[in-house]
Amino acid sequence: MKISRREMLQYSGVLAAPYFGTFQNINGFLLEDVKEEPKDIMKRAVEVATGRGASYADARLTLNHGMVVRASNPPSREAAMCFGVRVLVDGYWGFASSPVWTAVEAERLAISALEQAASNAGGGERIVDMAPLDNPESGEWDMPVVYDPFLIPTEEISDYLYGIREFCSSLKWMKGEMVCTFMTMDKHFHSSTGQYTRQKLYATGGGFNGSVANTVIKRHAAVNIGDKITPAGLGFEYFRNRPIRQYIEEAHEDALRDLELPINPVDIGRWNILIGSWGMSGLVSETLGEATQLDRSLGFEANSGGTSYINEPLDMLGTLKIGNELLKVSSDRSEAGSVGKVLWDDEGVAPRKMSLVEKGILKNMHTSRELCSYIQPYYSRNGLKLEPSGSVGAQSAINVPLIYSSDLTLHPGEESSKSLNDLRQDMKSGIEFKTAGVQMDFQKITGYIRGHTYKIENGKRTAILADTGLIFRTQELWNNLIALGGNDSVSKYGITTRKGEPSQTFRHQVSTPPSLFKELSIIDITRKA
Amino acid sequence: MLNKKLAYEYDDSRLVDIDTARKVVDLIYSLSQPMGGTSISIRSWHATGQRWSRNRASMSSDQRDIRLSISRFIDGGSGSVTTNQVDRASLESAVRYAEERAIYMSVAARFSDMPLGSPDLEVRGKNVWSDKTYNRTNKVNGELVSYIARKSEAASMLSAGYIETGSANSYSIYNQDGKISPESTAMVTRAMCSMTIREPRGNGSGWAGNASFDLGELPLHEIADKALDKCIRSINPVRIEPGRYTTILEPQASATFFNMLTLGFARRVNTERGPESPFYLDYDGQLDIHRSKLGLRIVDPRITIKHSPEDPLVGTHPTAGMRDILYVNQGILNEMAYQEGYAREELVSRYPQPVRSSYSVMGGTVTMNEMIESTERGLIVTRFSDPSLVQGSSMLYTGLTRDGLWLVENGKITNAVRNFRWTESPLFILNNLESLGLAVPIFEPSEIRYALGSSSTYHLSLNNVVVPTIKVKDFSFTSTIDAI
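None of the values given here were measured: they were computed from a predicted structure.

Undergrad: Is there a simple way to explain the overall build of chain B in this structure?
TA: Of regular secondary structure, chain B possesses eleven helices and 21 strands. Here chain B holds 484 residues, and the buried ones make up 53% of them. Long-range contacts, defined as pairs at least 24 residues apart, comprise 74% of the intrachain contacts of chain B with a sequence gap of at least 6.

Here it is, written out as structure tokens:
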């Protein structure tokens with residue numbers, strides 16, 4: 001594919017003309033057009049790097065577009081072209097990036113990356129044993145979308161949102177507003193293995209701010225459909241083809257019911273806890289997703305996000321009991337519509353399906369080609385082939401690739417029709433977290449949840465509980481799991497996480513059923529010591 | 001082997017210079033339809049980073065990018081685009097897009113104001129540019145990493161950290177003639193270093209770090225020695241009961257609470273709307289207005305928080321409209337930030353008063369040793385992790401201690417202590433102040449921000465913070481945590 005700004009002007013149609021181009025040299029800018037193939041540009045970088053001593057090199061080109069659309073404010077639109085080159089010399093990594101897509105810049109970046117790697121020559125021996133890739137596959141893939149948000153007129157989206165706002169105003173005591181966020185990334189990858197890939201990815205999501213207010217009793221309640229519009233690997237059809245108004249109506253009815261419930265102070269102590277699917281997605285991402293990132297586990301993130309309770313991965317794989325037999329978590333990146341779906345990660349690795357936790361036992365971890373070798377003895381012991389997980393990525397080619405979590409699934413209970421309501425009805429007495437914001441410590445050992453909570457008595461919500469929090473130890477939490485919703489109750493959520501120095505944003509999908517836990521510690525979050 | 005000469009030939013200027021910026025601005029104006037107003041912001045940045053872990057460099061990087069924002073304002077409507085490409089074709093499509101959006105928003109009667117420029121205001125600020133920072137290479141940073149690795153290995157510890165030197169500049173144009181005036185130009189450098197040294201089995205952890213625009217002000221070897229010392233002293237922490245403790249907050253820890261407080265100064269209008277704001281006072285029925293706590297004492301009289309454009313420690317690049325801001329004067333809430341709408345409607349002024357993320361807190365004279373010696377039983381905190389708001393009206397937060405927590409008994413440090421979750425408010429602890437130490441700069445990380453996952457901008461506005469060690473009574477530690 002040639003990179004021609006003139007041709008790319010067609011990308012966004014008449015009203016949403018794009019603005020592709022390359023600033024070639026910040027002091028001698030204004031090149032009229034770019035005639036070079038991304039593949040050739042990247043190939044040049046890799047050739048220069050390997051020709052000058054790199055044992056491995058890869059190059060990435062990304063073309064990112066972003067757009068936020070609201071009903072009333074003007075939409076904000078962003079675009080960026082980024083180029084990153086990564087090299088490995090004598091066990092040390094070097095990386096250089098810029099916004100210039102040319103073969104000349106490819107040479108500069110390759111040499112700069114080599115110099116970066118060489119800057120650590122005095123640092124002592126560092127052995128990097130990259131996991132081999134069998135027949136690294138080249139190819140191209142576009143994430144399928146029905147309505148490319150950058151091809152349809154922005155007016156259509158803002159008018160849609162205007163309609164949502166009007167609809168919200170038509171509901172009793174309600175005001176609400178939705179915002180749509182769209183991102184797409186054209187990602188090119190080439191490495192010294194000879195592999196070339198191109199992928200076009202989408203991330204579409206939104207935000208919703210709504211509430212009902214009863215001015216007579218001077219109470220208000222949130223109308224929340226945030227769980228329905230988390231990031232997904234779809235286009236505008238994510239909004240247009242889904243019953244968003246119905247979701248709002250249902251959330252509105254929930255909020256009206258909330259207004260009828262008393263607000264009670266929480267009784268601190270141990271309670272049976274029901275957590276909805278959305279809350280569970282955050283818990284799984286934090287306690288099992290991030291904790292199983294091998295770089296984190298080995299201390300590569302010790303100075304930023306922290307480490308992991310899996311602090312001896314080689315000894316713990318296959319033996320660490322994280323939870324009871326109900327706990328089964330797998331990772332995958334192949335599901336259509338997932339915000340985390342790719343055919344190749346940022347090292348050219350095709351993601352593989354893995355079982356992370358089986359019957360509560362740690363079985364696998366998220367790895368890169370470099371760090372995979374740390375756990376090779378585990379693979380050998382178990383007769384498994386050494387394969388990286390395909391979990392490496394970066395938010396653009398300006399950034400250094402890091403390991404992050406694949407799409408995760410907490411496997412549901414055996415009774416497929418078991419719903420959140422069924423789980424609630426099974427509770428004689430307990431507390432339900434409708435939403436759950438999770439905050440973990442820097443080793444993912446202990447955590448804290450707060451959210452919208454209800455007192456449950458004889459299977460029914462009888463009161464809203466104020467200032468309710470749950471504190472837990474990860475292994476205690478998963479050992480106290482007593483029931484999971486069935487397959488029909490599983491929902492999928494796009495989760496956003498941050499990692500690295502400088503910090504980067506990543507998105508992955510987590511699929512979870514509502515879940516019931518026994519005897520966890522409930523606190524009053526406003527109570528001081 | 002590397003060809004140094006060839007590499008040098010490619011080593012262009014890392015930031016957009018003013019001549020290039022002028023060409024870009026002129027081109028944007030020539031491409032714009034002759035109607036309405038235009039605002040343009042050009043930012044460029046460069047960062048050299050050295051990350052290490054397990055006593056070896058794990059990634060050395062050299063990154064640069066540009067961020068060009070164009071806004072067109074036509075008949076009350078506006079449209080904006082941001083890109084990192086500045087060739088003619090890119091700019092033309094960017095301008096067309098912004099204009100089409102502005103016209104649509106105007107026709108749809110969805111209005112927005114063009115931000116007001118400030119060319120007629122006094123330019124205040126201090127040079128925050130350091131050639132030493134700008135010229136720093138990763139070769140030198142690599143030597144520092146080697147030093148840290150040798151020290152850590154000799155002590156049988158594992159170190160991880162990040163050192164970054166960077167530079168950024170910006171040109172902002174709000175006027176109709178498209179001229180780039182000196183007061184709309186900013187150039188900054190930034191150096192920062194942060195490291196965590198851990199006992200290999202996870203039985204101890206120590207952190208140290210600092211940041212400045214001037215690399216020469218960063219005692220890098222001292223930072224390394226301090227992190228190692230803290231790690232060694234933190235090994236095998238004992239578990240003590242949660243509760244209220246007299247607590248010595250080292251500057252990195254006290255900054256967490258001062259940041260919470262200054263964040264609360266961000267929107268004066270919120271304090272005059274209702275009791276959700278911590279600085280709301282009451283409703284005056286006779287005048288039908290809500291009163292804020294401006295003019296009233298909110299914290300200990302020894303606390304003074306200010307932003308001064310010429311203070312070299314909280315360096316603000318020369319900027320029009322900058323002025324001294326005295327947020328808290330001897331404990332009294334003196335000033336808060338407000339936006340353009342508030343300025344126009346309530347203060348009959350054209351200009352907003354944005355919140356400044358750089359600030360200094362007036363310190364005291366009590367040394368750390370004196371604070372320890374005067375403590376019968378208390379704790380020393382290195383830093384906090386993940387503070388999150390629990391209750392806005394009381395500014396109640398919760399978070400964790402991290403990378404160095406010690407018990408003081410009868411004037412002496414007796415044990416490393418297991419970490420705690422805490423639940424506390426800056427308004428409480430700053431009204432329970434025992435003593436203040438010398439105010440010093442602390443570590444505030446930079447961040448490559450991707451507002452929409454696409455463009456990037458380096459932190460141009462420096463978040464430099466100068467705060468003292470503080471000793472407070474009855475700090476609330478609510479539960480122990482297992483993480484070390």
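Following the structure, the description resumes.
Undergrad: Looking at this structure, how should I read the overall build of chain A?
TA: Helix and strand content of chain A: twelve helices and 25 strands. Scaling as 2.2 N^0.38, a compact globule of 529 residues should have a C-alpha radius of gyration of about 24 Å, and chain A matches this with 25 Å. Counting only C-alpha atoms and orienting by the principal axes, one finds that chain A spans roughly 70 × 60 × 45 Å. Burial status across chain A gives 58% buried among its 529 residues.

Undergrad: I tried to follow the nonpolar core on my own but got confused; where do I start?
TA: Looking at soluble globular proteins, one finds that nonpolar side chains tend to be buried together. Core analysis: the biggest nonpolar cluster contains 231 residues, and Ala45, Ala49, Val85, Val87, Ala110, Ala113 and Leu114 of chain A have the highest contact counts within it. A total of nine residues in this core trace back to one element, the largest contributor, which is strand 2 (residues 76–89) of chain A. Once you skip the residues sitting within four places of it in the chain, alanine 49 of chain A turns out to touch Ala54, Ala57, Val85, Val87, Ala110, Ala113 and Leu114 of chain A. By size, the runner-up hydrophobic cluster in this structure holds 25 residues, among which are Ala21, Val25, Val86 and Tyr171 of chain B.

Undergrad: Hey, could you run me through the pairing of strand 10 (residues 329–332) of chain A in this one?
TA: Regular strands have side chains that alternate between both faces of the sheet. Residue and element names in this part refer to chain A. Here strand 10 shows a clear split, with Val329 and Ser331 buried on one side and none of Ser330 and Asp332 buried on the other. Here three bridges tie strand 10 to strand 11 (residues 354–358), and the two strands are oriented antiparallel to one another. Paired with serine 331 across the bridge in strand 11 is methionine 354. Of the strand pairs in this sheet, strand 10 and strand 15 (residues 407–410) are connected by four bridges, and their pairing is antiparallel. By the bridge assignment, aspartate 332 is partnered in strand 15 with aspartate 407.

Undergrad: Any chance you could explain the packing of helix 2 (residues 18–31) of chain B against helix 3 (residues 88–107) of chain B here in plain terms?
TA: Residues and elements named next belong to chain B. Put simply, helix 2 and helix 3 touch, their axes get as near as 9 Å, and they point 50° apart. Regarding the angle of helix 2 to helix 3, the classification is oblique. Considering only the axes of helix 2 and helix 3, their crossing is right-handed. In contact with Leu27, Ile28 and Leu31 of helix 2, helix 3 contributes Arg88, Leu91, Glu92 and Val95. Considering only residue class, the contact of helix 2 with helix 3 consists of five nonpolar, no polar and two charged.

Undergrad: Sorry, what's going on with helix 6 (residues 220–233) of chain B here?
TA: Residues lying three or four places apart along an α-helix face the same way, a consequence of the helix completing one turn every 3.6 residues. All names here are of chain B. Over its 14 residues, helix 6 extends 20 Å from the first C-alpha to the last, a length consistent with the 20 Å expected when each residue adds 1.5 Å. Of the positions making up helix 6, those classed as buried are Ile223, Ala224, Lys226, Ala227, Leu228, Lys230 and Cys231. Turning to helix 6, the residues buried within the fold contact helix 5 (138–154), strand 6 (185–198), strand 7 (205–212), strand 16 (377–391) and strand 17 (396–409).

Undergrad: I'm lost on the sheet that holds strand 24 (residues 504–512) of chain A in this one. Help?
TA: Within a beta sheet, neighbouring strands are joined by backbone hydrogen bonds and run either parallel or antiparallel to one another. A sheet is described by the order of its strands in space; here six strands give the open sequence 12-11-10-15-24-23 (chain A), paired in mixed fashion. The open sheet has two edge strands with one neighbour each: strand 12 (361–362) and strand 23 (491–499) of chain A.

Undergrad: Even after reading the chapter, I still don't get helix 7 (residues 251–263) of chain B, so can you show me in this structure?
TA: Taking 1.5 Å per residue as the helical rise, helix 7 of chain B with its 13 residues ought to reach 18 Å, and the 18 Å between its terminal C-alpha atoms agrees with that figure. Among the 13 residues of helix 7 of chain B, eleven are classified as buried, and the element is accordingly described as predominantly covered.

Undergrad: Just to check I follow, could you spell out the confidence of the model for chain A for this structure?
TA: Should pLDDT be low for a region, the predicted coordinates there are not to be read in detail. In the predicted model, chain A carries a mean pLDDT of 91, and the fraction of residues at 70 or more is 93%. In the model, residues 1–33 of chain A has pLDDT below 50 throughout and makes 96 contacts with residues more than four positions away in sequence or in other chains.

Undergrad: Explain the environment of lysine 359 of chain A to me, please; I cannot follow it from the model alone.
TA: By the element assignment, lysine 359 of chain A lies in the loop between strand 11 and strand 12. With near-sequence residues (within four places) excluded, lysine 359 of chain A lies in contact with Glu325 and Lys328 of chain A.

Undergrad: Even after reading the chapter, I still don't get unusual backbone geometry, so can you show me in this structure?
TA: Generally, phi is negative for residues other than glycine and the peptide bonds are trans, each holding for most cases. With an omega of -5°, the peptide bond running from glutamate 501 of chain A to proline 502 of chain A counts as cis. With respect to the helices and strands, the residue proline 502 of chain A is situated in the loop between strand 23 and strand 24. Positioned with a positive phi, serine 156 of chain B is a non-glycine residue whose angle comes to about 60°. Of note in this structure, aspartate 474 of chain B is not a glycine but carries a positive phi near 60°. Tracing the sequence through the fold places aspartate 474 of chain B in strand 21 (residues 465–480). Exposure remark for aspartate 474 of chain B: the 15 C-beta atoms within 10 Å place this residue in the partly exposed category.

Undergrad: Help me understand the confidence of the model for chain B in this model?
TA: Residue and element names in this part refer to chain B. Looking at chain B as a whole, its pLDDT mean stands at 85, while 87% of the residues score no less than 70. Here residues 1–11 scores under 50 on pLDDT; set against residues more than four positions off or in separate chains, the count is 15 contacts. Taken together, the stretch residues 450–455 has pLDDT below 50 and engages in 30 contacts with residues farther than four places along the chain or on a different chain. If you check the scores for this complex, the pTM reads 0.92 and the ipTM reads 0.91.

Undergrad: Looking at this model, I keep getting lost on the packing of helix 5 of chain B against helix 6 of chain B. Mind explaining?
TA: All names here are of chain B. Interhelical geometry of helix 5 versus helix 6 gives an angle of 25° and a closest axis separation of 10 Å. Classified by the interaxial angle, the pair formed by helix 5 and helix 6 is roughly parallel. Between helix 5 and helix 6 lies a crossing of right-handed hand. On helix 6, the residues that touch Leu144, Tyr147, Ile148, Lys151 and Ser152 of helix 5 are Leu220, His221, Ala224 and Leu228. When its residues are assigned to classes, the contact of helix 5 with helix 6 shows six nonpolar, two polar and one charged.

Undergrad: Is there a simple way to explain the environment of aspartate 315 of chain A in this structure?
TA: Turning to its location among the elements, aspartate 315 of chain A is positioned in helix 9 (residues 313–316). Placed 62 residues apart in sequence, aspartate 315 of chain A and proline 377 of chain A show a C-alpha to C-alpha distance of 9.9 Å.

Undergrad: Even after reading the chapter, I still don't get the environment of leucine 158 of chain B, so can you show me in this structure?
TA: Within the element layout of this structure, leucine 158 of chain B appears in strand 5 (residues 158–173). Distance from leucine 158 of chain B to glycine 202 of chain B, taken between C-alpha atoms, is 9.6 Å for residues 44 residues apart in sequence.

Analysis parameters
- Residues numbered from 1 in each chain as written.
- Chains lettered and ligands numbered in written order.
- Predicted model: local features only at pLDDT ≥ 70, side-chain atom pairs only at ≥ 80, totals over all residues.
- Helix = DSSP H or I, 4+ residues; strand = E, 2+ residues; numbered from the N terminus.
- Buried ≥ 20, exposed ≤ 12 C-beta atoms within 10 Å, placed from the backbone.
- Contact = placed C-beta atoms within 7 Å.
- Rg over C-alpha atoms; globule rule 2.2 N^0.38 Å.
- Core = buried A, V, L, I, M, F, W, Y, C linked by C-beta atoms within 7 Å.
- Pairing = 2+ DSSP bridges.
- Axes fitted to C-alpha atoms, helices over the stretch in contact; angles between N-to-C directions.
- Parallel < 35°, antiparallel > 145°, perpendicular 65-115°, else oblique.
- Left-handed = near helix turned anticlockwise from the far one by under 90°.
- Nonpolar A, V, L, I, M, F, W, Y, C, P; charged D, E, K, R; others polar.
- Expected span 1.5 Å × (residues − 1).
- pLDDT = per-residue confidence, 0-100.

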